[in-house]
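Chains, contacts and geometry: an overview
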Amino acid sequence: EAGVTQSPTHLIKTRGQQATLRCSPISGHTSVYWYQQALGLGLQFLLWYDEGEERNRGNFPPRFSGRQFPNYSSELNVNALELEDSALYLCASSWDRSSEAFFGQGTRLTVV
Amino acid sequence: GIQVEQSPPDLILQEGANSTLRCNFSDSVNNLQWFHQNPWGQLINLFYIPSGTKQNGRLSATTVATERYSLLYISSSQTTDSGVYFCAVGLPNFGNEKLTFGTGTRLTIIP
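Now for a quick tour of the structure. Only a predicted model underlies this, so the values are computations on that prediction, with no experimental measurement involved. (Residues numbered from 1 in each chain as written. Chains lettered and ligands numbered in written order. Predicted model: local features only at pLDDT ≥ 70, side-chain atom pairs only at ≥ 80, totals over all residues. Heavy atoms only, no water.)

**Re the interface of chain A and chain B**
Taken together, the contact between chain A and chain B spans 21 residues of the former and 20 residues of the latter. Across the chain A/chain B interface, buried area totals approximately 1,600 Å², and carbon plus sulfur atoms make up 48% of it. It is R97, E100 and F103 of chain A in chain A that bury the most area against chain B; as a group they hold 33% of the surface buried on that side. Linking chain A with chain B are zero salt bridges, by the criterion used here. The tally of links between chain A and chain B comes to six residue pairs in polar contact (both at pLDDT 80 or more). Contributions of two or more residues to the side of chain A that touches chain B are made by β4 (31-38), β5 (42-50), β9 (87-94) and β10 (102-103) of chain A. (Contact = heavy atoms within 4.5 Å. Buried area = accessible area lost by both parts, 1.4 Å probe. Salt bridge = Lys/Arg side-chain N within 4 Å of Asp/Glu carboxyl O. Polar contact = N/O pair within 3.5 Å; in protein donor to acceptor, adjacent residues only side chain to side chain. Helix = DSSP H or I, 4+ residues; strand = E, 2+ residues; numbered from the N terminus.)

Laid out in structure tokens, this is it:
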């Protein structure tokens, strides 16, 4: 069974541009979570999607947004990129919000 | 908010050695997971262990929820065990959207 998959693996963008990151959850999982792992800051919760709806978001500005598609895959969009957005972005999925969460391999975003 | 502390922060061991990693948390939790982050950044699930003891090969984990700590044991270490180990806890009335990660233990296994 395939795990959580993310694309692209690496992404290099210029300050001010937009970045789109993609995530495919484990088959049957309806909840998708996005986390940011910036250097020296640990893993920070970004967004939670379930059944196509945004259910909760972490302490991030509105230029971090996303959506969940009918097949439960998800997209994270970061607008007006800033240098400090450079980080590893991890996507996770689970059957529901209380069950074990499984993470993808991450997308490493570099803003120059 | 809840505080999650891991110890030791760094651990260097010879191949074949055993190790114990600790995770302390400051409040009641309803979810605790252990992960291994490999050098490429992927978080690999080790245990989902809100309480009790589990074993998987050379690895085992114990969570004593009433005393607010969890332990991860690695026996007969191999070089592929190197990486950063994180515990993550979930708060009552919340789910995976509120997972709080510990500071991590960086394990280096020397051949």
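Once you've had a look at it, read on.
**Some details on the pattern of salt bridges**
All names here are of chain A. Applying the stated criterion across every chain, the model contains six salt bridges over all chains. Between R63 and D85 there is a salt bridge, with its nearest N and O atoms 2.7 Å apart. Placement of R63 in the loop between β6 (53-57) and β7 (64-68) and of D85 in the loop between β8 (74-78) and β9 is noted, with a sequence separation of 22 residues between them. One exposure class covers both R63 and D85, and it is buried. (Buried < 20%, exposed > 50% of the residue type's maximum accessible area, 1.4 Å probe, protein only.)

**Quick notes on the packing of aromatic side chains**
Residues and elements named next belong to chain B. Across all of its chains, the model carries nine aromatic pairs over all chains by this definition. Ring geometry for F86 against F101: centres 6.3 Å apart, planes inclined by 85 degrees, an arrangement best described as edge-to-face. With F86 in strand β9 (residues 83-90) and F101 in strand β10 (residues 100-101), this pair connects stretches of sequence that are 15 residues apart. The lysine or arginine in question, R22, covers the ring of Y69, its NZ or CZ lying 4.3 Å from the ring centre. (Phe/Tyr/Trp six-rings, centres within 6.5 Å; stacked < 30°, edge-to-face > 60°. Lys NZ or Arg CZ within 6 Å of the ring centre and 35° of its normal.)

**Let's talk about the state of the cysteines**
All names here are of chain A. If you walk through the whole model with that rule in mind, you get two disulfides over all chains. The partner cysteine of C23 in its disulfide is C91, sulfur to sulfur 1.8 Å. Because the torsion about its S-S bond is -60 degrees, the bridge between C23 and C91 counts as left-handed. In this pair, C23 sits in strand β3 (residues 19-24) while C91 sits in strand β9, placing the two residues 68 residues apart along the sequence. One exposure class covers both C23 and C91, and it is buried. (Disulfide = S-S within 2.5 Å.)

**A closer look at unusual backbone geometry**
Residues S7 of chain A and P8 of chain A are joined by a peptide bond in cis, for which omega reads -10 degrees. Along the chain, P8 of chain A turns up in the loop between β1 (5-7) and β2 (10-13). The omega torsion across S7 of chain B and P8 of chain B is -10 degrees, close enough to zero to call that bond cis. Note that P8 of chain B resides in the loop between β1 (4-7) and β2 (10-14). The backbone of A80 of chain A sits at a positive phi, close to 45 degrees, despite the residue not being glycine. Mapped onto the elements, A80 of chain A comes out in the loop between β8 and β9. When its relative accessible area of 41% is taken as the criterion, A80 of chain A is described as partly exposed. Of note in the backbone geometry, N93 of chain B takes a positive phi value of approximately 75 degrees without being a glycine.

**Comments concerning the pairing of β3 of chain A**
Residues and elements named next belong to chain A. Going residue by residue along β3, you find A19, L21 and C23 tucked away on one face and T20, R22 and S24 left uncovered on the opposite face. Where β3 meets β8, five bridges bridge the pair, whose relative direction is antiparallel. Note that in β8 the partner of R22 across the bridge is E75. (Pairing = 2+ DSSP bridges.)

**Description of the sheet that holds β1 of chain B**
All names here are of chain B. Within the open sheet, the five strands sit side by side as β1-β3-β8-β7-β6. Their pairing is antiparallel. Strands with a single pairing partner mark the edges of an open sheet, and in this sheet they are β1 and β6 (52-56). Across the sheet, the axes of successive neighbouring strands diverge by a mean angle of 15 degrees, strand direction being ignored. In this sheet, strand β8 (residues 69-74) lies alongside strand β7 (residues 59-64) in antiparallel orientation, the contact comprising six bridges. Residue pairing in the sheet places L59 in a bridge with I74 of β8. (Axes fitted to C-alpha atoms, helices over the stretch in contact; angles between N-to-C directions.)

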